[in-house]
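Structure at a glance
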Amino acid sequence: MAPTHPGLSLSLRPMSSIAQDVASTAAPRDAPDHNYESLRVTAAQKHILHVQLNRPEKRNAMNKAFWREMVECFNKIAQDPDCRAVVISGAGKLFTAGIDLMDMASEILQPQGDDAARTSWYLRSLISKYQETFSVIEKCPKPVIAAIHGACIGAGVDLITACDIRYCAQDAFFQVKEVDIGLAADVGTLQRLPKVIGNQSLVNELAFTCRKMMADEALGSGLVSRVFPDEVQMLDAAFTLAAEISTKSPVAVQSTKINLVYSRNHSVAEGLNYAATWNMSMLQTQDIVKSVQAALEKQELKNVTFSKL
């Protein structure tokens, strides 16, 4: 893994040798049941899926197929008992240029409806459908790691703020672009970005001006947790991290994600109550026995067989 970026005062420990061993295994292969026009899904390593935005000739712009296929893809991943972690990246020279305006213009600029009420009804349904394209990442219990290189514009920011962990390459930049095309972002950025970086003033600045946030600023603000010199080292680190996660109990990891997402939008008391209710059943898993036994015997978790979930 690349060293922690010098701008980060608290260095992160390197991934364990366990994850390094797992990360170095089988070559990627196309994942069965994942055939899409705008995405490519591969089984990158054992228990790890790689979802690529796969329209490099169009700068990975998000067309009509993308908004539909992301929902289908992550609903399948959520139900996949073999998958324990996901890495999402962009094919080609950048992560994504955002919405494909040429492909989407007819739906947005010429909405259906015989009068204002019916047009509004149609638009609300359409916007809600688009919101689900990224909310489905958050609802998926498998941890999702965004690996960003080059541009991450407009709806790309909506996408990555719905992910659990964000890494980027030094050439990455982020841009909340919607105001420049005459609209307010409505599929997640304005709701999630303030919670991600915890700085409302900075969020407002980015959203009102559409200026670029470069990689170093993204690291300093907390939008990403690590910056790497280039795309190759970033992806290596993302898959190493996914491999580390995949050695843990899937009951523990997925329960942790569900509780983290719930607690973000609820009070501490509500979060604790939810955790107690959740764990009254999850504590009965054999994964605890296996994990504790492995620790007592100084056994590596990669050698522990956890049942599918």
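Residues numbered from 1 in each chain as written. Predicted model: local features only at pLDDT ≥ 70, side-chain atom pairs only at ≥ 80, totals over all residues. Heavy atoms only, no water.

Attention now goes to the sheet that holds strand E10 (residues 226-228). The strand order across the open sheet formed by seven strands is E1-E2-E3-E4-E5-E7-E10, and the pairing between neighbours is mixed. Two strands lie at the open edges of the sheet, namely strand E1 (29-30) and E10, each paired on one side alone. Bridging between strand E2 (residues 39-45) and strand E3 (residues 48-53) involves six bridges; their strand directions are antiparallel. Each residue of the ladder has a partner; that of Gln45, found in E3, is Ile48. (Pairing = 2+ DSSP bridges. Helix = DSSP H or I, 4+ residues; strand = E, 2+ residues; numbered from the N terminus.)

The phi dihedral of Arg59 falls on the positive side, at around 55 degrees, and the residue is not glycine. With respect to the secondary-structure elements, Arg59 resides in the loop between E3 and helix H2 (64-78). Although it is not a glycine, Cys210 sits at a positive phi angle of roughly 65 degrees. Tracing the sequence through the fold places Cys210 in the loop between helix H7 (200-209) and strand E9 (213-214).

Within this structure, the stated rule accounts for seven aromatic pairs. Between the aromatic rings of Phe66 and Phe134, the centroid separation amounts to 6.3 Å while the plane-to-plane angle is 50 degrees, which identifies the pairing as tilted. Within this pair, whereas Phe66 is found in helix H2, its partner Phe134 is found in helix H4 (residues 116-139), the two being separated by 68 residues in sequence. Judged by relative accessible area, which is 2%, Phe66 ranks as buried. A relative accessible area of 0% places Phe134 in the buried class. Consider the rings of Tyr167 and Phe228, whose centres lie 5.3 Å apart with planes at 50 degrees: the pair is tilted. With Tyr167 in strand E7 (residues 165-169) and Phe228 in strand E10, this residue pair connects regions lying 61 residues apart in the sequence. Each member of the pair Tyr167 and Phe228 is classed as buried. (Phe/Tyr/Trp six-rings, centres within 6.5 Å; stacked < 30°, edge-to-face > 60°. Buried < 20%, exposed > 50% of the residue type's maximum accessible area, 1.4 Å probe, protein only.)

Here we take up the environment of Asp158. Within the element layout of this structure, Asp158 appears in helix H5 (residues 155-161). Residue Asp158 is classed as buried on the basis of its relative accessible area of 0%. Beyond its immediate sequence surroundings of up to four residues, Asp158 is in contact with Phe134, Glu178, Val187, Gly188 and Thr189. Within polar-contact distance, the side chain of Asp158 engages the backbone nitrogen of Gly188 at 3.1 Å. (Contact = heavy atoms within 4.5 Å. Polar contact = N/O pair within 3.5 Å; in protein donor to acceptor, adjacent residues only side chain to side chain.)

Side chains that carry opposite charge are capable of pairing whenever their charged atoms lie near each other. Under the criterion given, the structure shown has 14 salt bridges. Across the salt bridge formed by Lys308 and Asp82, the nearest N and O atoms sit 3.3 Å from each other. With a gap of 226 residues between them, Lys308 in the segment after helix H12 (286-296) and Asp82 in the loop between H2 and strand E4 (85-90) connect regions that are remote in the sequence. Take Asp82: its relative accessible area is 35%, and that puts it in the partly exposed class. Asp180 is the partner of Lys177 in a salt bridge, and the nearest nitrogen-oxygen pair spans 3.1 Å. By relative accessible area, Lys177 is classed as partly exposed at 29%. Connected through shared salt-bridge partners, Glu138, Arg192 and Arg264 make up one network. (Salt bridge = Lys/Arg side-chain N within 4 Å of Asp/Glu carboxyl O.)

Moving on to H12. One full turn of an α-helix is made of 3.6 residues, so residues set three or four places apart face in the same direction. Regarding H12, its N-cap is Thr285, as a side-chain oxygen of that residue lies 3.0 Å from the backbone nitrogen of Asp287 further along. In the stretch just after H12, Lys298 is the one whose phi turns positive, near 55 degrees.

So, on to the state of the cysteines. Counted by the stated rule, this structure contains zero disulfides. We note that Cys152 lacks a disulfide partner, and the nearest cysteine sulfur, in Cys163, lies 9.3 Å from it. With no disulfide of its own, Cys210 lies 14 Å from the sulfur of Cys152, the closest cysteine sulfur. (Disulfide = S-S within 2.5 Å.)

What the domain assignment lists for the protein chain is domain 1 (29-247) and domain 2 (250-303). Relative placement of domain 1 and domain 2: their C-alpha centres are 27 Å apart. Listed as interface residues are 13 residues of domain 1 and, on the opposing side, 10 residues of domain 2. For the pair domain 1 and domain 2, the summed buried surface comes to about 960 Å²; carbon and sulfur atoms form 57% of the total. Remark: the boundary between domain 1 and domain 2 carries two salt bridges. Applying the counting criterion to the domain 1 and domain 2 interface returns six residue pairs in polar contact (both at pLDDT 80 or more). Taken together, the residues that form the side of domain 1 that touches domain 2 break down as seven nonpolar, one polar and five charged. (Domains from an automatic or database assignment. Buried area = accessible area lost by both parts, 1.4 Å probe. Nonpolar A, V, L, I, M, F, W, Y, C, P; charged D, E, K, R; others polar.)

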